[in-house]
Each structure stands twice: as structure tokens, then as C-alpha cells.
Amino acid sequence: MRSRFIDKGIAMFDNLKILWHQGKQFIPDVTKAQVPGIFRGRPIISEAKIDEFLLADLCPTKAISTNAVSIDLGKCTFCGECAVQFPEKITFTKDYKLSTNHRDRLIIKENEDEAIGLDAELIRSEIRRLFGRSLKLRQVSAGGDNSCEWELNATNNVQFDISRFGIDFVASPRHADGIVITGPITANMAGALERCYLAVPDPKIIILAGTDAISGGIFADSPALNREFLSNHLIDLYVPGNPVHPLTFINGVLDLLKKRRS
Amino acid sequence: MKLKKTINIVNNQAINLVDIPVCNYRDFAELNLDLINGKPNCHCVSYFGYPIEEKIQLICCIADDELHQIMVSSSIVDKGAVLNSFTVRNPNFEKYEREIHENFRIGYTDHPWLKPLRYAFNRADKNEKVENYPFYGVESEELHEVGVGPIHAGIIEPGHFRFICNGEQIMHLEIQLGYQHRGIEPLFLQKQKLLERTTLAENIAGDTVVGHTTAFVNLWENLCGYTPDDSLHFSRILALELERIAIHTGDLAGVCADIGYQLGNSVFGRLRTPIVNFFQEWGGNRLGKGLIRAGKINYPFTNELAKRLIEVLNAYEKDFFEMTHKLFNLPSALSRMEKTGVVSYEEVLEIGTVGMAARMSGLNRDIRLSHPHNLYNSLTHKPVIKRHGDVYSRVQIRREEIRQSISYIRGLLQSVPEFHPPENFTEQPQKGKFIISLVEGWRGEICHCAITNAEANLILYKIKDPSHHNWMALAQSVRNNDISDFPICNKSFNLSYCGHDL
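Procedures and definitions
- Residues numbered from 1 in each chain as written.
- Chains lettered and ligands numbered in written order.
- Predicted model: local features only at pLDDT ≥ 70, side-chain atom pairs only at ≥ 80, totals over all residues.
- Helix = DSSP H or I, 4+ residues; strand = E, 2+ residues; numbered from the N terminus.
- Buried ≥ 20, exposed ≤ 12 C-beta atoms within 10 Å, placed from the backbone.
- Contact = placed C-beta atoms within 7 Å.
- Axes fitted to C-alpha atoms, helices over the stretch in contact; angles between N-to-C directions.
- Parallel < 35°, antiparallel > 145°, perpendicular 65-115°, else oblique.
- Left-handed = near helix turned anticlockwise from the far one by under 90°.
- Nonpolar A, V, L, I, M, F, W, Y, C, P; charged D, E, K, R; others polar.
- Domains from an automatic or database assignment.
- Pairing = 2+ DSSP bridges.
- pLDDT = per-residue confidence, 0-100.
- Core = buried A, V, L, I, M, F, W, Y, C linked by C-beta atoms within 7 Å.

1. As for the overall build of chain A
Each helix and strand in chain A was counted, giving nine helices and ten strands. Its C-alpha atoms put chain A at 80 × 40 × 40 Å along the principal axes. A total of 262 residues make up chain A; the buried ones form 48% of that total. Considering only contacts within chain A whose residues lie at least 6 apart along the sequence, 79% involve residues at least 24 apart.

This is the structure we're talking about:
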């Protein structure tokens, strides 16, 4: 019997050693963290004179408009091609705080270098009152390519750890306070999405995560989609990205709940 | 004189469409069944139809892994024709024939499972609805059915699983897909710009961005008759191996979560981060979107990045192997993985699985060895093969492939080729060509095919994700297992819904 105790003791030390080797993984302040490398976040458009038609024609999702150039981050796939071909005109900053509740705020205009942020007026008053301390979300992938789903899973790993803010993804719409939609919403998923939304008790919120969900992305003109759901319901938060970065999502939701410490 | 019935090509070789031999359907069937029946080294990599005038041309591509060749043959049949199926004599063709039936209303007299495949928007019979899938049912007082999905408990893609159980034991599982159908293949024809098509390829399956985009750019360059330099090949296989490490690590986290092993879940979950963050340091996106481009790369790989990657791998390797050592010596974990979700060699051969889902049961299928693309023929790749076909085999393959990928990357980094600044790729596709591009993604064999017409326009783009074959292996693996073991079986395969539904 004694040897079993010794075995257990050794196993425990192994576990402690592994834990020790991980060090501190969590990001202490998700509102101020720096992302590594050359992340493509909020773009800045200069006043440089270039061939605007060529620039707009370049974009695979027609996110760029001309005559005072602007980029719609709800359509942008963040491929970065415009910044490669017209570096004097467009640069992508590492600002990952791209979420907003006002669709127009996703349109970045020439010579603009301001945080995107949420429109406080538009946030329904009950959101903070009811969900400020605890928000349970049901995720629905409706044609998502599994990249946004991946990153939403990452929001709950030991580094990003979204559950420390009382925000969790739950298994049933009955337990949820809202839904997070990824993907361009395929016709084959439209019915299931509607039923899932109906199963969430009132009051409830809707978050669109990723370019595909916000505008359809590269699939916008596909006949295989059915985006009617979006015209029938109010959207509380748009989270751009292809895929969304976990920090973009977390900061957006914290802003919606007014949880960000200033 | 005996007429030649197939044309033999290699991976990424563009041939004239008219050079594909056309034979009558009966000979076509005999020919292709003879090519694969009883030969484990041959399997069907793509079989599809496309409309020419009022008829349908069926093209079948059989890959021979020993000869490193792909044998292409074809037959022309009427729309709405009723044919004898291949499937009844070799189940490899099961999904292909269902697809042909769904798209072109071609009937099969003896197909054992002629059900809708993905409810494509351009399907022949619009009365078929995703809500009314004809599930297999059993009339019984003792058995019960369990339906799961399309929306699942976790943050994953949609699909419907219908179990027939005897108590806790699964007798049968049927998987209904199609919810993710975005109509990608027609979009490839509709969108004319290269960047649009590249973006589509990146969005086929977001967990295999590099795999699918590499298949597309390899195909596109060869269709244009363009030979990329070594720096592009280098960046592609480097990215492919990094993608393999990242996803395999995440899958190990998932398996640990499904057996309730929190330490493993946390450690593997966090180990994925430095790898995907390296993708971001290199190309600005954690999943490698924007990185792979035809004829160029916008983010050249530098010696500084090489140094940085070595640091990342050194730190990763230590913690990764410490954790796998623990996991693989933990009796409570092993007892959940060993002999769970077994698929035998005979079964995988019959289903025609590819990638990990073949190698888990002793079936050697790995495009890196059999039909090498990019620089793989210089690596002398040796596939990781296991024999038991259980969850444990699939988990072991991941550990060993990660070890292998790290050693390939270390080798590659010893001589980083010189990269050229990105220049626009302006080459145009050649006229009247057929081409097939195979890539070994982390999940297995990815196959893209394209056909151009006399005006050099794309008239067909066909995509096959490894999941196409492998979903049936998952359904097979859970038979006679407890229903509580379904999650771990599912995770150990980690198949793609959107890659299947397109």
C-alpha cells in the first residue's frame, strides 16, 4: 500500500512542476495589452494623392470607397493588400479595439485617427443593469469558417480568460442572455438561428462577431445566404475581424457592459 | 489496338482538357473500380461532374501512391441519366455519387445510401430541404434515438448527429451536414479577380487557412504556367508545418477537456498561443490569413523571424513534451483513450479515409510522401503510422507529428532563402486546361481541381477537404461505444463542417 502513496506523491510533484513551468500566463490588463508583431487593426488613411479607383478596385470585398477614401471595417477582410500596394495612403495600426454598437462608426475616413468606441447613447439601459455583473452568451455559427469560432474559444483560455469578468459561453440558449453570431448566415442555418434566438429569454442581446457576420464578407453576394434575421432584429455589438481577435471581442463586450476601468 | 483509357499526370500538372480520354459509362466504371479495388495504394482523390452543353461529363481522378501518379478518366452521360453506381462495389465513391446525384439529378439504380449531401443552393431538386433529411430509423421498443444539433453545446460549427442507442451504447450514428453551405465553388467562377479567389480559398476552412490557400496558389500558378521560386515554396511548407503544430496542439487541449483533464486542457490550450502569435508576427494574422499569395508573398520571411521562431519553438518544445509525457503516463487518461472509438484497417480502406484518419489504422496515406508538392520531396518525409485506430492512436499521431514538424522547421530555418519584394502576379490562366492540386494539410489530403475553357475562363472549380471522406470514419468509430465517449471520439478526429459543406 505504501508504494501507492509514494506514486501519488511523485505524481503530485510532477503536476506542481508543470504548473510552475507555465509561469504567469494571464494577461493582467486586457484593456492595455500590446499584441505582438504586425497585427492589422484599425487603419489610418492619409491625405496622400493616389489613384483612388485602383485602390478601391483592389479590395476583394468592396470595403473601400472613393472621393475621400474610406474603409468599411464591417466589410474589410483585413488582408492588408491595400496597405501593401499603397503604403503612403493606408497603414494598419495595432489598435485592436474595433468593436462598436453603431454600424457607421466602422467606416474609417481619411485623416481620421480616433478610437472607434461605442456610442453610449445607443446602449440600452437594461444591459448594464442586468448583465453588468454576469453575462452568459450562446454562440451560433451560421456558415462561420471556424476561425472566429477558434478565437472565441481562445477568449476563455488561461491567457485571455474572459470568465474573470463574469462573461461566459453557455451550452443552452435557455441559460443565455444573448447570442454571438459568426459566419455570413447560410440559408441552411437561418431557421436554426432564429429558433435559437427565440429560445433565449428576454431581454437579450445580439453580437455579430467577424466580417462574415457583419456584412457577409467575401460571401456577401452568394445566393446560398439568407441574412433576413439581421434586418428583423437590433444588433447590440459589431466586432470586426477576420477572424476577430480575442482582445477585440473582450474589449467590445466590456465596453458594452461599461465594465472598462478608465 | 487497345485504346488508352486514362491519362496519367502528376500533382499540379496542367493538361489539355481534350486529352482526358472519354469512354462509355460501363467501361469507365470497370476501369476505375479495377484501379482501386484491392489496392491500398490507390484511392479516389476526386470524382465529379460538370455540365457540357446538355450533357454531364464525369471526371474521375485516382491517385496511385506508389507510382506518384494520378490517373484521370472521364465519361459523358445525359442529364437525368440512371446509372449503375460505383459505390455498391466500392464505398470510396459514396459521397461523390451523392453529390453528383444532388447537383445533376443523375439517378443510381443500386446506390445503397442515396441521400442529399449538403443541400447546395443550386441543387437539382429544390424540394429537398435541410429540415427534412431522411434519417435512418429503427422500429424498436428497446432502442431509442438521440438527436444533437445543428447547434452544439460548445463554440463549434453546426451539424446534426442522430444516434440510435441501446441504453448507453451507440448502435448507429448518422451525421447530417450542409448547414454551413456558402456556395463557395460557384463563387470561384463568379469572382474574376485573383485576390477575390485567394480570399475565398482562405475562407474555405478557417482552421486550414494555409492548407487550402496553398492548394489554390499551387494550382493557380501551374494553371498559368508560372514556376515559383524556392522562397515561395519555403514559406508555404513552413506555414503548413506551423499550422499543423498549432491545430494539433489545440486538438490535444480539446481531447483533455473531453476526458475531464483540466491540467492538460489548460497547458495545451495556452501552448497554441505562441505558435499562432508567431503567425501574427510574420504575417499580421493569427491564423495565417493574408500570408499565402500566388506568385508573391507580402510578408517575406527574414533571418530575424527565423531567430524568433527558434526561440518560440525552444520554449514550446520543453513545456509541450513535459505535458505529453505526463498525459501519456496517466492511467486515468489512457484508460479513456485506449480502445475507444476504434476503426480497423479494413474499415478505413473501405471508407477511403485520408490523412490522420488513415494513418491511425496503418493505412499509409500522406501526400507529402506520395505526391509531394512544394519542397516536400527534399525533406524525405516519413509518415507517422499507428495501428490501433483508436483515440489513443489519433492522439499519439498528433504528438509525433508535432515533433516531426518541429524538426522539419528547424531544418528549413538553417538556410532561409532570399525573398523578393512583392510584385503583382499578372500571369493569366492557359486555355482549355485541366489541373489537380493536392496538399497534405494537418487534417489530411486537400484536393482542388480546375478547368478552363477556350477563352481561359474558369468553368469548374472543385474543392475536396479531407473531412469529405473522414466523417464516415467518425460515424463508424462510435459504434458499440458508450454515448458518453462520443465527444472524445469527435474531438480526436476534429473534422471540418465548412470544409465539407463548402
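2. Digging into the overall build of chain B
Looking only at helices and strands, chain B has 16 helices and 13 strands in total. Here the C-alpha coordinates of chain B stretch approximately 70 × 60 × 40 Å along the principal axes. The buried share among the 502 residues of chain B stands at 55%. Taking the contacts inside chain B whose residues are at least 6 apart along the sequence as the reference set, 66% of them involve residues at least 24 apart.

3. A short note on the packing of helix H6 (residues 230–258) of chain B against helix H7 (residues 262–283) of chain B
All names here are of chain B. Interaxial distance between H6 and H7 falls to 8 Å at its minimum, and their mutual angle equals 160°. The angle between the axes of H6 and H7 places the two elements in the roughly antiparallel class. Regarding H6 and H7, the two cross each other, and that crossing is left-handed. The segment H6 lies against H7, with Leu-242, Ile-245, Ala-246, Thr-249, Gly-250, Leu-252, Ala-253, Cys-256 and Ala-257 engaging Gly-264, Asn-265, Phe-268, Gly-269, Leu-271, Arg-272, Ile-275, Val-276, Phe-278 and Phe-279. Residue composition of the contact of H6 with H7, by class: 13 nonpolar, five polar and one charged.

4. Some words on the domain arrangement of chain A
Residues and elements named next belong to chain A. Entries for chain A in the domain assignment read domain 1 (43–96) and domain 2 (120–256). For domain 1 and domain 2, the distance between their C-alpha centres works out to 26 Å. The interface is formed by nine residues belonging to domain 1 together with 13 residues belonging to domain 2. Along the lines of polarity and charge, the residues of the side of domain 1 that touches domain 2 split into five nonpolar, three polar and one charged.

5. A few points about the sheet that holds strand S10 (residues 237–239) of chain A
Residue and element names in this part refer to chain A. Pairing is parallel in the open sheet, where five strands are placed in the order S7-S6-S8-S9-S10. Looking along the sheet, the strands with just one partner apiece sit at the ends: strand S7 (167–169) and S10. Ignoring which end each strand starts from, the neighbouring axes of this sheet average 25° apart. Bridge analysis of strand S6 (residues 135–141) against S7 gives three bridges, and the strand direction is parallel.

6. Some words on the domain arrangement of chain B
All names here are of chain B. According to the domain assignment, chain B consists of domain 1 (7–117) and domain 2 (184–501). When each unit is reduced to the centre of its C-alpha atoms, the spacing between domain 1 and domain 2 is 26 Å. Counting only elements with at least two residues in the side of domain 1 that touches domain 2, the list comes to strand S2 (15–16), strand S3 (42–52) and strand S4 (55–64). If you tally residues by element for the side of domain 1 that touches domain 2, the top one is S3, at six residues.

7. What about the confidence of the model for chain B?
Of all residues in chain B, 99% have pLDDT values of 70 or greater, and the mean over the chain is 91. The ipTM, which scores confidence in the relative placement of chains, is 0.91 for this predicted complex, and the corresponding pTM is 0.93.

8. Describing helix H14 (residues 467–477) of chain B
In terms of burial, H14(B) is a largely internal element, ten of the eleven residues being buried. Buried within H14(B) we find B:Ser467, B:His468, B:His469, B:Asn470, B:Trp471, B:Met472, B:Ala473, B:Leu474, B:Gln476 and B:Ser477.

9. Here we look at helix H15 (residues 486–493) of chain B
Residues and elements named next belong to chain B. The buried count for H15 comes to seven of eight residues, which makes it a mostly enclosed element. Listing the buried residues of H15 in full gives Phe-486, Ile-488, Cys-489, Asn-490, Lys-491, Ser-492 and Phe-493. On the buried face of H15, the contacting elements are H6, helix H9 (331–337), helix H11 (356–359), helix H13 (391–413) and H14.

10. Side note on the pairing of strand S12 (residues 445–452) of chain B
Residue and element names in this part refer to chain B. Along S12, eight of the eight residues are buried, which leaves the element largely enclosed by surrounding structure. Of the two faces of S12, the one holding Glu-445, Cys-447, Cys-449 and Ile-451 and the one holding Ile-446, His-448, Ala-450 and Thr-452 are both buried throughout. Two successive antiparallel strands, strand S11 (residues 433–440) and S12, enclose a turn made up of four residues, where Gly-444 displays a positive phi of approximately 145°. Pairing analysis gives six bridges linking S12 to strand S13 (residues 458–464), with the strands arranged antiparallel. In the strand pairing of S13, Ala-450 is matched with Tyr-461. Adjacent in sequence and paired antiparallel, S12 and S13 are bridged by five residues, among which Ala-456 carries a positive phi angle near 70°.

11. Observations regarding the nonpolar core
Within the largest apolar cluster, 211 residues are counted, with the highest numbers of intra-cluster contacts made by A:Ala209, B:Cys61 and B:Ile62. In terms of residue count, H6(B) provides more of this core than any other element does, 14 residues in total. If sequence neighbours within four positions are ignored, B:Cys61 has contacts with B:Cys44, B:Val45, B:Ser46, B:Tyr47, B:Ile70, B:Val72 and B:Ile436.

12. A look at the interface of chain B and chain A
Facing the 49 residues of chain B at the interface are 50 residues of chain A. Looking at the side of chain B that touches chain A, the elements that each hand over two or more residues are helix H4 (194–202), H7 and helix H8 (303–327) of chain B. Of the residues assigned to the side of chain B that touches chain A, the class counts are 20 nonpolar, 17 polar and twelve charged.

13. Points about the pairing of strand S10 (residues 169–176) of chain B
Residues and elements named next belong to chain B. Pairing of strand S9 (residues 160–166) with S10, which is carried by seven bridges, proceeds in the antiparallel orientation. Paired with Arg-162 across the bridge in S10 is Glu-174. As consecutive antiparallel partners, S9 and S10 are separated by two residues, and within that stretch Gly-167 has a phi angle of approximately 65°, a positive value.

14. Here we look at the sheet that holds strand S1 (residues 7–9) of chain B
All names here are of chain B. Taking strand neighbours across the sheet as the criterion, the four strands line up as S1-S5-S4-S3 in an open arrangement whose pairing is antiparallel. Of all the strands in the sheet, just S1 and S3 have a single pairing partner and so form its edges. When strand polarity is set aside, the average angle formed by the axes of neighbouring strands in this sheet is 25°. Two strands pair when backbone bridges link them, and S1 and strand S5 (residues 69–78) are joined in this way by three bridges, in the antiparallel orientation. Within S5, the position partnered with Ile-7 by the bridge is Val-72. Of the strands in this sheet, S3, S4 and S5 are in contact with helix H1 (residues 25–36), which crosses S5 at around 155°. Lying over the sheet, helix H2 (residues 94–104) contacts S3 and S4, oriented at roughly 10° with respect to S3.

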